[in-house]
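Here is what each chain is made of, one letter per residue.
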Amino acid sequence: MVQSESETWSSEDTLRVLIASDIHLGYLENDAVRGEDSFIAFEEVLSLAVQYDVDFILLGGDLFDHAKPSPNCMYKCTQIIRKYCFGDKPIGVELLSDQLQNFSRVINYEDPNLNISYPILSIHGNHDDPVGQGSISSLDILSITGLVNYFGKWSDYTQVRVSPVLMQKGETKVSLYGLSHLKDQRLSRLFGEKKVEMDLLEDNNDWFNILVLHQNRADRGHGNYISESVLPKFLDLVIWGHEHDSQVFAIKDIKRENESFCIVQPGSTVATSLAAGEALPKHCVLLQLHKKEYILTPLPLKTVRPFIFKTVVLSEENLGEDNIKENERVQAFLKEKVEEAIEEANKIRSGDPKQPKLPLVRLSVFYEHEGQDFNRMRFGQNFNGMVANPNDILIMKREKKIREHKEKEDIEEVDMGRAAVEANDVESLLRTYYTAIPPEKRLAVLSVRAITEAVRDFTLKRDDGVFRRVLEGHRRRYVDFLLESTAETEDEVREQIRYCKESLDATDEEQLKGLIEKAASRPKLVVESDESEPELEQSMESGRGRGRGGRGRPARGRGRGRGRAAAVEPTPSPERRTPRRSAAQKTTKWLQNLTAERSLRRRRDSSEIEISD
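Quick summary incoming for the structure in this document. (Residues numbered from 1 in each chain as written. Predicted model: local features only at pLDDT ≥ 70, side-chain atom pairs only at ≥ 80, totals over all residues. Heavy atoms only, no water.)

### Some points on the overall build of the protein
Scanning the protein for helices and strands turns up 15 helices and 18 strands. When the 613 residues of the protein are sorted by exposure, 47% land in the buried category. The long-range fraction of contacts in the protein, counting pairs at least 24 apart against all pairs at least 6 apart in sequence, stands at 75%. Of the roughly 32,000 Å² that the protein leaves accessible, carbon and sulfur atoms contribute 49%. (Helix = DSSP H or I, 4+ residues; strand = E, 2+ residues; numbered from the N terminus. Buried < 20%, exposed > 50% of the residue type's maximum accessible area, 1.4 Å probe, protein only. Contact = heavy atoms within 4.5 Å. Areas by Shrake-Rupley, 256 points an atom, 1.4 Å probe, with all protein chains shown as cover.)

Printed below as a string of structure tokens:
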């Protein structure tokens, strides 16, 4: 229940805000068992806003699980918002700042064409950030339709200046700063370079200052998180999104001089990974603010699927009689642990009729040797219809014991394995992997940063063409670099490739992305050559032509080849086929094409000069 102290406050001067974060609408929406979990939890959040009659709802990012939500996900989101947030209830909050600057449109409850009772204000997170042509976010779509008030969006990533949303209810004044998700490395660097500015009001003492951001809070390596110490000291309250473990406490506080701000970490409303932090109770938070005095009240979510996480170390357990095969003893022991977890999950059920019936169960098992390992998928089939995740109940990890005199390769393998466990996302894992491998095995052409960014865009933004653009951009960038050089021999070409790779690695993140996108969007180059020779574009790619019918090979199908091969009849027997060219022949051919293209460019340049003369 809400603390009784608020009963002495005047309702005309008391601002009530419901705070939530990381809703992840659409998570596993195609799963027959868990597909509705995110929507059920979101509906409960909005129903609590109605129950406590708040002035507005504040979201800390990741409303959607994907940057491009499915039509089904958008439909359900719209349906839920219209059900709970539309209505004729008057809103007593006055907006004082420039609405076009804050939201790029009029705030929805002041739109004469809409009836809004409970407005939603939200920043974007790393899952629903702007993507594609025009850098449009799913929140932009909800904003233009009047469903959500989207603030804190950035276009300049070299300098961040945050202008607050100024709101007033009676004598209570709030300045709300929104900092939508930026890459942690970039934002950390900008904070270090003093390039993050938050506009401070002249009469700041009369305002309650709130910051909403969506970044790593836990230390995930140098520059890969935002330290609390870099945030401005004039803030009173920080709403920290992105971290999924709920860290909220009942607080009644009055900000005094030289005191630090309070941090609220709502956590996610749905478990998106089977990690220990996700098994903690889920909450949203009710903020009651009267002038500069405030009360924070955690509101437990009752429709969240029960989740039990346990760690089991087999070397510390009694597995039973030794006359039974060890593999079977381990399985019997773990079955008992799973059954205990199911019973525990049933005990913590809220009793809400909308709460999903089947619990999530995860056992993190550390085993000593291969004799204790077994088929986890087959093990999970024992619990079909009893848990929501039968296929991944267990995660098995080998207990690592590093001896003093291990060989160098073994040590490297252990270090990389540890790095893989410590990595919090695929991008971090890839960066760690390429850093750990020996120099002679590292990428000689592709930029690690570009590859990791491509993986991120593919997984989070569903950008299916990102790998093609990155590879095409790299290839054309190197071709241009070589054509502008004076390299003639294979060694000189390799040296120029090394120089180009170093220049790409030293390029700023946004500049690198721009170079690759620009190179990938250019039209293809074709060398004017004998019809039997392949195009330069193809020979640069593989060292030999791949066109149908090229180099005298037969075409696939009737009359579909190019050049002289189009008229060749039946496919010759294997022993009569042209043998593959050696690496030296491929290199020679590649250099010939490079020289030909360079000569062609010079002829074109000289002809343009003559025409201009």
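From this point, things continue past the structure.
### A short note on the sheet that holds strand 16 (residues 307–313)
Read across the sheet, three strands follow the order 16-17-18 without closing on themselves; strand pairing throughout is parallel. Since the sheet does not close on itself, it has two edges, and those belong to strand 16 and strand 18 (394–398), each with one partner. Strand-to-strand twist in this sheet, taken as the mean axis angle between neighbours without regard to direction, amounts to 15°. (Pairing = 2+ DSSP bridges. Axes fitted to C-alpha atoms, helices over the stretch in contact; angles between N-to-C directions.)

### Remarks on the packing of helix 11 (residues 466–484) against helix 12 (residues 490–505)
Between helix 11 and helix 12, whose axes approach to 10 Å, the crossing angle comes to 125°. Judged on the interaxial angle alone, helix 12 and helix 11 are oblique. Classified by chirality, the crossing of helix 12 by helix 11 is right-handed. Between helix 11 and helix 12, the contacting residues are H474, R477, Y478, F481 and L482 on the first element and V493, Q496, I497, Y499, C500, K501 and L504 on the second. Across the contact of helix 11 with helix 12, the residue classes tally to eight nonpolar, two polar and two charged. (Parallel < 35°, antiparallel > 145°, perpendicular 65-115°, else oblique. Left-handed = near helix turned anticlockwise from the far one by under 90°. Nonpolar A, V, L, I, M, F, W, Y, C, P; charged D, E, K, R; others polar.)

### Some thoughts on the pattern of salt bridges
Side chains that carry opposite charge are capable of pairing whenever their charged atoms lie near each other. Overall, the coordinates contain 19 salt bridges when judged by the stated rule. Here D111 and R105 are joined by a salt bridge, their closest N and O atoms 2.9 Å apart. Assessed through its relative accessible area of 14%, R105 is described here as buried. Here K153 and D140 are joined by a salt bridge, their closest N and O atoms 2.8 Å apart. Linking K153 in the loop between strand 5 (149–150) and strand 6 (160–162) with D140 in helix 4 (residues 138–144), this pair joins segments that are 13 residues apart in sequence. By sharing partners, the salt bridges in this structure join E43, K83 and K354 into a single network. (Salt bridge = Lys/Arg side-chain N within 4 Å of Asp/Glu carboxyl O.)

### Some thoughts on empty space enclosed by the protein
Inspection of the entire model under this criterion finds two cavities of 30 Å³ or more. Roughly 30 Å³ of internal volume is contained in the second largest cavity. Lining the second largest cavity are eleven residues, and of these L25, H66, P69, S70 and C73 lie nearest its centre. Residue composition of the lining of the second largest cavity, by class: four nonpolar, three polar and four charged. (1 Å grid on protein atoms, 1.4 Å probe; cavity = no way out; pocket = protein on both sides within 12 Å on 5 of 7 lines; lining within 4 Å. Points joined across faces, edges and corners; volume = space filled by probe spheres on them.)

### Let's talk about the packing of aromatic side chains
Under the counting rule described, the total for this entry stands at five aromatic pairs. Taking 5.7 Å as the distance between ring centres and 50° as the angle between the ring planes, the aromatic pair formed by F379 and F383 counts as tilted. The pair formed by F379 and F383 is uniform in burial state, with each residue classed as buried. Through a chain of ring-to-ring contacts, three or more aromatic side chains come together here, namely F374, F379 and F383. Of note, K76 hangs over the ring of F39, and the distance from its end group to the ring centre comes to 4.9 Å. The ring of Y118 has K89 lying over it, and the distance from NZ or CZ to the ring centre is 4.8 Å. (Phe/Tyr/Trp six-rings, centres within 6.5 Å; stacked < 30°, edge-to-face > 60°. Lys NZ or Arg CZ within 6 Å of the ring centre and 35° of its normal.)

### Examining helix 1 (residues 37–51)
The end-to-end C-alpha distance of helix 1 is 21 Å, a good match for the 21 Å that 15 residues give at a rise of 1.5 Å each. Of all the 15 residues making up helix 1, eleven are buried; the element is thus mostly covered by neighbouring parts of the structure. Turning to helix 1, its buried residues number three or more, namely D37, S38, F39, A41, F42, E43, E44, V45, L46, L48 and A49. Against the buried residues of helix 1 lie strand 1 (14–20), strand 2 (56–59), helix 2 (71–85), strand 4 (120–122), strand 14 (283–290) and strand 15 (293–300). One or two residues past the end of helix 1 sits D53, with phi positive at roughly 50°. (Expected span 1.5 Å × (residues − 1).)

### As for a negative patch on the surface
A grouping of E336, E339, E340 and E343 is seen on the molecular surface, where their side chains present a negatively charged patch. Relative to the assigned elements, E336 resides in helix 6 (residues 326–347). (Patch = residues over 30% accessible without salt bridge, like charges linked within 9 Å, V, L, I, M, F, W, Y side chains within 5 Å. Lys, Arg positive; Asp, Glu negative; His and termini not counted. Charge placed at Lys NZ, Arg CZ, Asp CG, Glu CD.)

### A few points about the sheet that holds strand 11 (residues 237–241)
Pairing in this open sheet of six strands is mixed, and the strands run 3-7-8-10-11-13 from one edge to the other. The open sheet is flanked by strand 3 (94–95) and strand 13 (262–264), the only strands paired with a single partner. Sheet topology places strand 10 (residues 208–214) next to strand 11; five bridges connect them, and they run parallel. Pairing of I210 across the sheet is with L237, part of strand 11.

### Overview of the state of the cysteines
Applying the stated criterion across every chain, the model contains zero disulfides. Free of any disulfide, C77 has its nearest cysteine sulfur in C73, 6.6 Å distant. The exposure class of C77 is buried, given its relative accessible area of 0%. (Disulfide = S-S within 2.5 Å.)

### Topic: the pairing of strand 7 (residues 165–169)
The side chains of a regular strand alternate between the sheet's two faces. Burial runs high along strand 7: five of the five residues are buried. Neither face of strand 7 is left uncovered, since the one carrying V165, M167 and K169 and the one carrying L166 and Q168 both have all their residues buried. Pairing analysis gives two bridges linking strand 3 to strand 7, with the strands arranged antiparallel. Each residue of the ladder has a partner; that of L95, found in strand 7, is M167. With five bridges joining them, strand 7 and strand 8 (residues 172–179) adopt antiparallel strand pairing.

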